[in-house]
Amino acid sequence: MKFRIKLSLAVAFTAYSLSLAATASAKTDGFTEALQDYYVASQKLQAQILQSAFALEKTLTQDPQVDAFKSLGETFPKAVKEYREKFEELDALSKSSGVQKKYSTVLQKIDEDDNEKSLPVLADFSEAIGEFSDSLERQHFTVYAQEEWANSGIRVEQDDFIWVNSEGSWQASPSYSGANSAGYVCRSDSAYAINRSAPLGALLYRVRGSANVNGMGLDKDLRGKADAAGRLEFIMNDDDRRNNTGQLSLTVVVMNQEDLRGMLKVFNELRELSKE
């Protein structure tokens, strides 16, 4: 006999309720305990799936959930492993003629469709999360207010998400004063701006060799998207940097779109299975 995870709280709760009813009618034979363990494992897995759905949704709106995926890269495979083990224990016990006779009502109410579809997809999704999590390295780089385009050495592919956290402060001119909460001292006039659509003194980035210069704004947490493949470069948005001061310490995370799409594809397979 095989059980198929439905990825729904209702099915897991039904299994738990049935296990309590079975416990009331018999002291122990291992099956009721296995059924309760299966319920707990399915609850944990359900929680991991919901966390994954939230992280994916936020990431697809260009709000990369770096810490969430790092955590899921460790916890999701463990949840899948525990679920598989508890399922196999329950499956083995259900083959006993004594269990089938004693718990016939319970067994009849549990979905007997195969796990042959859902378990491999869960394994694929677990692997996809692990690989994606491993690729989310925090890379550190310092950009100085007076320097030309600084090559960070960080490689990106076209359409990759770029997430930057900045620490430190810099000033576009000694005549400007009043740093914002992110440490930027700048102004909105664009007379000397490299990118006229961004404030003077903002952090700019580009892919080396690309003609496009992109503004990242004036916040500590900055987001962008690679318009080509190559190395990331950064600079202050100021065409005359001789009298600039300060520096920013950047923590950069690149999220590969191809890996993200692959993980989304497997997640959609999981979602379709839950509807069957």
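Throughout, residues of each chain are indexed from 1 in the direction in which the sequence is written. Only residues with pLDDT of at least 70 are given local features in this predicted model, and only at 80 or more are side-chain atom pairs given and counted; all residues enter the totals for whole chains, interfaces and linings. The basis for the side-chain values is all heavy atoms of the structure; hydrogens and waters are excluded.

Asker: Would you mind showing me how to read unusual backbone geometry here?
Answerer: When glycine is set aside, most residues are seen to have a negative phi, and most peptide bonds are trans. Of note, aspartate 159 is a non-glycine position whose phi angle comes to about 80°, a positive value. Note on conventions: DSSP H or I runs of at least 4 residues are helices, E runs of at least 2 residues are strands, and numbering of each starts at the N terminus. As for its position among the elements, aspartate 159 is in the loop between strand S2 (150-156) and strand S3 (161-171).

Asker: Honestly, the pattern of salt bridges in this entry has me stumped. Any pointers?
Answerer: Opposite charge on two side chains makes pairing possible when the charged atoms of those side chains draw close. Note on definitions: salt bridges are taken to be side-chain nitrogens of Lys or Arg within 4 Å of carboxyl oxygens of Asp or Glu. Tallied over the entire structure, the rule returns 9 salt bridges. Its salt-bridge partner being arginine 241, residue glutamate 148 comes within 2.7 Å of it at the nearest N-O pair. Of the two residues, glutamate 148 sits in the loop between strand S1 (139-144) and S2 while arginine 241 sits in the loop between strand S8 (230-236) and strand S9 (245-255), which places them 93 residues apart along the sequence. Relative accessibility decides the category of a residue: with a 1.4 Å probe and only protein chains considered, values under 20% of the type maximum give buried, values over 50% give exposed, and everything between is partly exposed. Taking the relative accessible area as the measure of exposure, glutamate 148 reaches 54% and is therefore exposed. Linked by salt bridges that have partners in common, Arg206, Arg208 and Glu233 make up one network.

Asker: In this structure, what is going on with a negative patch on the surface? I would like to understand it.
Answerer: Think of a patch as exposed residues, more than 30% relative accessible area, with no salt bridge, where like charges cluster within 9 Å and nonpolar side chains (Val, Leu, Ile, Met, Phe, Trp, Tyr) cluster within 5 Å. Computed with the Shrake-Rupley method and a 1.4 Å probe, the accessible areas treat only the protein chains shown as cover for residues. Positive: Lys, Arg. Negative: Asp, Glu. His and the chain ends are not part of the count. The atom standing in for a charge is NZ when the residue is Lys, CZ when it is Arg, CG when it is Asp and CD when it is Glu. The grouping of Asp124, Glu127, Glu131, Asp134, Glu137, Glu258 and Asp259 at the surface amounts to a negative patch. For the negative patch, the secondary-structure elements that each account for two or more residues are helix H6 (118-135) and helix H7 (257-275). With 4 residues, the single largest contributor to the negative patch is H6. With respect to the secondary-structure elements, glutamate 258 resides in helix H7.

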